[in-house]
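Tertiary structure, described
The residues making up each chain are set out below.
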Amino acid sequence: MDRSILLIYTGGTIGMKTNPETGSLAPFDFTQIGNEVPELRKFGIRIDTVAFDPVIDSSNVSPVEWERLAVTIRDAYDGYDGFVVLHGTDTMAYTASALSFMMENLAKPIIFTGSQIPIGVLRTDGRENLVSAIEIAASGAVPEVCIYFQNSLLRANRTIKYNAEHFNAFRSPNYPPLAEAGIAIKYNEPYIRKVDSFLPSLKVDTALETRVAVVRIFPGLRPEIFRAMLRVEGLRGVVLETYGAGNAPTDGWFVETVAETVASGVVVINVTQCAAGSVDMELYDTGRALLKAGGVSGHDMTTEAAVAKLMYLLGRGLSKGQLVNYLGMSIRGEMTV
């Protein structure tokens, strides 16, 4: 056993098993993971486990759990070749995106996975997801934070939850899969981030600024409601979900509200509501008006990545100029520029 993996169970469907006495679902003992998934013994990999206590339903996950997870990995980093994080699917893309920013100089795989059906159920998708995630993490081939689900390995900060019912719950609409699992696992080498041999040691930044908001525009949005959302006391950043290629109303009240918000020191980053595609604020007058008001292009970032990146950068105490500069560049492979 020359390879070692730390398996971290935060909560979620994958770790549930039916209680024979009550018939309800309850987390099983992950120290007995070899009994639940005996296939893992064939790898010849040392698998240690740690579980959050209590486990967290992913709908209740907050930056507090992100910090706890980041610190858990940081403290165990030198002792393992890779990490597998079991997490509920509802907010997995948010947590995994956040970890990608918090883990600076990462040189080992951190693979998130989960399931749509509990691992103790006959038709579970969790067994294959878990086995493949561990194999990928142990290989060391993808030194990134990723999500593995239904045969595809996706860069975490490029991923969205796409489907609540099917096994292929996640997609990466603007970036190719980093690996695909069939008879063999095929790695998409040109799209995997390379580790610099002179990379400094891992640095974990846990200071996150949570005074941010996501505002989705829509036809009929009333001026007073929009102003109220952007004038919340203490607000530091806004992810503005606009139409198409980053277009927004050119009505005076809308542009003026954005301009006033930016002038007050709040950062406004523009992402598209579309599942795929990129913001181009110079393409139409409706985009140029938002650019003139001080909005920052989010290019092809997902909303999940934009929220996590904004929290991360705001937490670093940067100047306004530095903040805008970093928002406009790819720092963890989260956007195409």
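The preceding data block contains the structure.
Residues numbered from 1 in each chain as written. Predicted model: local features only at pLDDT ≥ 70, side-chain atom pairs only at ≥ 80, totals over all residues. Heavy atoms only, no water.

Time to look at helix α7 (residues 285-292). Inspection of α7 places G287, A289 and L290 among the buried residues, and these make up the whole buried set. One side of α7 holds all its buried residues, which, seen down the axis, span an arc of 155 degrees. Exposed positions of α7 whose direction lies more than 90 degrees from the buried face are D285 and K292. Close packing links the buried residues of α7 with β16 (237-242), α6 (252-263) and β17 (267-272). Two residues or fewer past α7, G294 is found with a positive phi of approximately 110 degrees. (Buried < 20%, exposed > 50% of the residue type's maximum accessible area, 1.4 Å probe, protein only. Helix = DSSP H or I, 4+ residues; strand = E, 2+ residues; numbered from the N terminus. Arc of directions from axis to C-beta. Contact = heavy atoms within 4.5 Å.)

All right, on to the packing of helix α2 (residues 63-76) against helix α3 (residues 92-102) then. Following both chains from N to C, one finds α2 and α3 inclined at 50 degrees, their axes separated by 10 Å at the closest point. Comparing the axis directions of α2 and α3 gives the class oblique. Where α2 crosses over α3, the two elements pack in a sense that is right-handed. Contacts between α2 and α3 involve W66, E67, L69, A70 and I73 from the former and Y94, T95, A98, L99 and M102 from the latter. Residues of the contact of α2 with α3, tallied by class, amount to eight nonpolar, one polar and one charged. (Axes fitted to C-alpha atoms, helices over the stretch in contact; angles between N-to-C directions. Parallel < 35°, antiparallel > 145°, perpendicular 65-115°, else oblique. Left-handed = near helix turned anticlockwise from the far one by under 90°. Nonpolar A, V, L, I, M, F, W, Y, C, P; charged D, E, K, R; others polar.)

In this model, D53 is joined to P54 through a cis peptide bond whose omega is 0 degrees. Considering the arrangement of structural elements, one finds P54 in the loop between β4 (46-51) and α2. One non-glycine residue with positive phi stands out, namely N151, at about 75 degrees. Here N151 is to be found in the loop between β8 (145-149) and β9 (152-155). In this structure, H299 is a non-glycine residue whose phi angle is positive, near 50 degrees. The residue H299 is located in the loop between β18 (296-297) and α8 (303-314) in this model.

Taken as a whole and assessed by the stated rule, the structure comprises 13 salt bridges. D90 is the partner of K161 in a salt bridge, and the nearest nitrogen-oxygen pair spans 2.8 Å. Here D90 lies in the loop between β5 (82-86) and α3 and K161 lies in strand β10 (residues 160-161), a separation of 71 residues in the sequence. K161 gets classed as partly exposed once you look at its relative accessible area, which sits at 24%. Residue R155 is joined to E144 by a salt bridge in which the shortest nitrogen-to-oxygen separation is 2.7 Å. Here the residue R155 occupies a position in strand β9, and E144 occupies one in the loop between α4 (126-139) and β8, the gap between them amounting to 11 residues. In this structure R155 comes out as buried when scored by relative accessible area, which is 3%. On the accessibility criterion, E144 (5% relative accessible area) is buried. Via salt bridges that share partners, E209, R211 and R236 belong to a single interconnected network. (Salt bridge = Lys/Arg side-chain N within 4 Å of Asp/Glu carboxyl O.)

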